[in-house]
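Chain by chain, the residues:
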Amino acid sequence: MSSTEELVPRVRAYVLSNFPVADPGAVTNGASLMELGIVDSTGLLEVFEWLRDEFSIEVADAEMVPDNFDSIANIAAYVGRKTAAG
Amino acid sequence: MGDRGEFFPCGSRRLYGFLHEPRATEAPLAVAPAAVVFVHPFMEERQDAHPFLRSIAGQVSARGLWAMRFDLHGCGDSEGEWEDATVASWLDDIRAACDFVRAQAGVERVILCGLRFGATLAALADIGGPKPPLAMIQPVVKGTSYSMDMLRAYLAAEMVLTRKAGVSRDALIERLRLGETVNVFGYHLTAAQFDGIRAIDLSHSLASYPARSLVIDVVKTPTARASNELTALVAAMGPGSTLARAVEPQPLYAEGKVHLTRAEQVELALLGWLEALDQP
């Protein structure tokens, strides 16, 4: 189990290394990855695949909401909740 | 005549194919004359995989074999509407492509190579005669999972577009049952396609595969876990089947940070397997 604070750098490293980002410094942890065009629908599926490979998390249909995946901080918080829940 | 694109018949439709003539600009493979027919992945993956398939087909022809790429019914430049295609019609397309390349190349032997769902279709195709040598790059093994992934792609697109929760996959299946289609990356998935895909299980269909085969597990990093599913598939296929691992940091069939022009480890695995194909 990891805290959200511990997870943020890991999620950030994944996002910045896997998606086209012109200026990594401009992407705050709370910025909307979808509004910035960093993660689109296919990118979202890649995030899900990464969550499955890295954390053994299977994202349920009902969990597919922006509050869980629209920013680095949201993804980290989601992973924290899921891993804490076991 | 050189490399060339041509339409060829499949029933009443025309499919578009691209032939790579053997050039042997590099050391020829020590294998009997043959044509390698490549089957593309589906939907969004087809577009993203195009540079890779073009590259690897070129590598094969540079080593002295014919290579052919083509567009399945309702895809790319081939005729026909996507909604009218079924798993059965896509399998017919592969047969037609093999017949065409045999006639054009003057070789009887065809080797099938596919990527993702293209590999799955290649594995199931009846191309006449005994089962062909088969190379599958990251194949879809279970249609149940793949069909649900397609529906998930719809949900992902809906979430990105509307910025809120969408319907469930169960609701999408209900729509299919009512005769509606589900728009997956612009392709209208039909109930017939969905059911045809769901029925596929390569572990069952390819048990004790009678010809040589290669399964390439493509991973992003050297430390990535091996696919249990592909390991089990190779075990089910029997002693003529080989499992190879290719580390490719850039995706072969998805948008990556860098435009992929070559997938060297996949090429090495495929060319090495072709080289050893006729050895006991």
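It should be emphasised that the depicted structure is a prediction, and the values quoted were computed from it without experimental measurement.

Caption draft 1: Geometry of the overall build of chain B. Within chain B one finds nine helices and ten strands. Here the C-alpha radius of gyration of chain B, 18 Å, is about what a compact globule of 280 residues would show, namely 19 Å. Considering only C-alpha atoms, chain B reaches an extent of 55 × 50 × 40 Å along its principal axes. Burial status across chain B gives 45% buried among its 280 residues.

Caption draft 2: Spotlight on the interface of chain B and chain A. Counting residues at the interface gives 17 residues for chain B, matched by 14 residues for chain A. Here the side of chain B that touches chain A is built from residues that sort into eight nonpolar, two polar and seven charged.

Caption draft 3: Representation of the domain arrangement of chain B within the structure. Residues and elements named next belong to chain B. Along its sequence, chain B is organised into domain 1 (4–142 + 200–275) and domain 2 (143–199). Averaged C-alpha coordinates put domain 1 and domain 2 at centres separated by 26 Å. Contact with domain 1, which involves eleven residues of that partner, is made by 15 residues of domain 2. Residue composition of the side of domain 1 that touches domain 2, grouped by class: six nonpolar, one polar and four charged.

Caption draft 4: Up close: the pairing of strand β3 (residues 35–39) of chain B. Residues and elements named next belong to chain B. Counting buried positions along β3 yields five of five residues, so the element is predominantly enclosed. Of the two faces of β3, the one holding Ala35, Val37 and Val39 and the one holding Val36 and Phe38 are both buried throughout. One ladder, built from four bridges, connects β3 with strand β4 (residues 66–70); its direction is parallel. If you follow valine 37 over to β4, its bridge partner there is methionine 68. Between the parallel pair β3 and β4, the chain is carried across by helix α1 (residues 44–62), and the sense of this crossover is right-handed.

Caption draft 5: Looking closely at the pairing of strand β1 (residues 4–10) of chain B. All names here are of chain B. For β1 and strand β2 (residues 13–20), the ladder comprises seven bridges, and the chain directions are antiparallel. Looking at the pairing, arginine 4 lines up with leucine 19 of β2. The turn joining β1 and β2, which pair antiparallel and follow one another in sequence, is formed by two residues; a positive phi near 65° is taken by glycine 11.

Caption draft 6: Fine view of the packing of helix α4 (residues 143–162) of chain B against helix α6 (residues 191–198) of chain B. Residues and elements named next belong to chain B. Where α4 meets α6, the closest approach of the two axes is 7 Å, and the angle between their N-to-C directions is 145°. Contacts from Gly143, Thr144, Tyr146 and Ser147 in α4 reach Phe194, Ile197 and Arg198 in α6. Residue composition of the contact of α4 with α6, by class: three nonpolar, three polar and one charged.

Caption draft 7: Fine view of the confidence of the model for chain B. Confidence in the prediction of chain B, expressed as mean pLDDT, is 94, and 99% of residues score 70 or more. Predicted complex metrics record ipTM = 0.84 and pTM = 0.92.

Caption draft 8: Highlighting the sheet that holds strand β9 (residues 213–219) of chain B. Residues and elements named next belong to chain B. Spatial strand order, β1-β2-β4-β3-β5-β6-β9-β10: eight strands in an open sheet with mixed pairing. The open sheet has two free edges, formed respectively by β1 and β10 (241–247), since each of these has just one partner strand. Strand-to-strand, the axes of this sheet are offset by a mean angle of 25°, without reference to chain direction. Direction of pairing for β9 relative to β10: parallel, over a ladder of seven bridges. Paired with valine 215 across the bridge in β10 is leucine 243. Sheet strands touched by helix α2 (residues 87–105): β1, β2, β3, β4 and β5 (110–115). Its angle to β2, the strand with the most contacts, is close to 50°. Against the sheet, helix α9 (residues 264–275) engages β5, β6 (134–137), β9 and β10, with an angle of about 155° to β10.

Caption draft 9: Region of interest: unusual backbone geometry. Residues and elements named next belong to chain B. In this model, arginine 116 sits at a positive phi of 55°, which is unusual for a non-glycine residue. Residue placement: arginine 116 occurs in the loop between β5 and α3 (117–124). Positive phi is not limited to glycine here, since phenylalanine 185 has a value of about 55°. Summarising the element assignment, phenylalanine 185 is placed in the loop between β7 (182–184) and β8 (187–189).

The rules behind the values
- Residues numbered from 1 in each chain as written.
- Chains lettered and ligands numbered in written order.
- Predicted model: local features only at pLDDT ≥ 70, side-chain atom pairs only at ≥ 80, totals over all residues.
- Helix = DSSP H or I, 4+ residues; strand = E, 2+ residues; numbered from the N terminus.
- Rg over C-alpha atoms; globule rule 2.2 N^0.38 Å.
- Buried ≥ 20, exposed ≤ 12 C-beta atoms within 10 Å, placed from the backbone.
- Contact = placed C-beta atoms within 7 Å.
- Nonpolar A, V, L, I, M, F, W, Y, C, P; charged D, E, K, R; others polar.
- Domains from an automatic or database assignment.
- Pairing = 2+ DSSP bridges.
- Right-handed = clockwise from strand over helix to strand, strands pointing away.
- Axes fitted to C-alpha atoms, helices over the stretch in contact; angles between N-to-C directions.
- pLDDT = per-residue confidence, 0-100.

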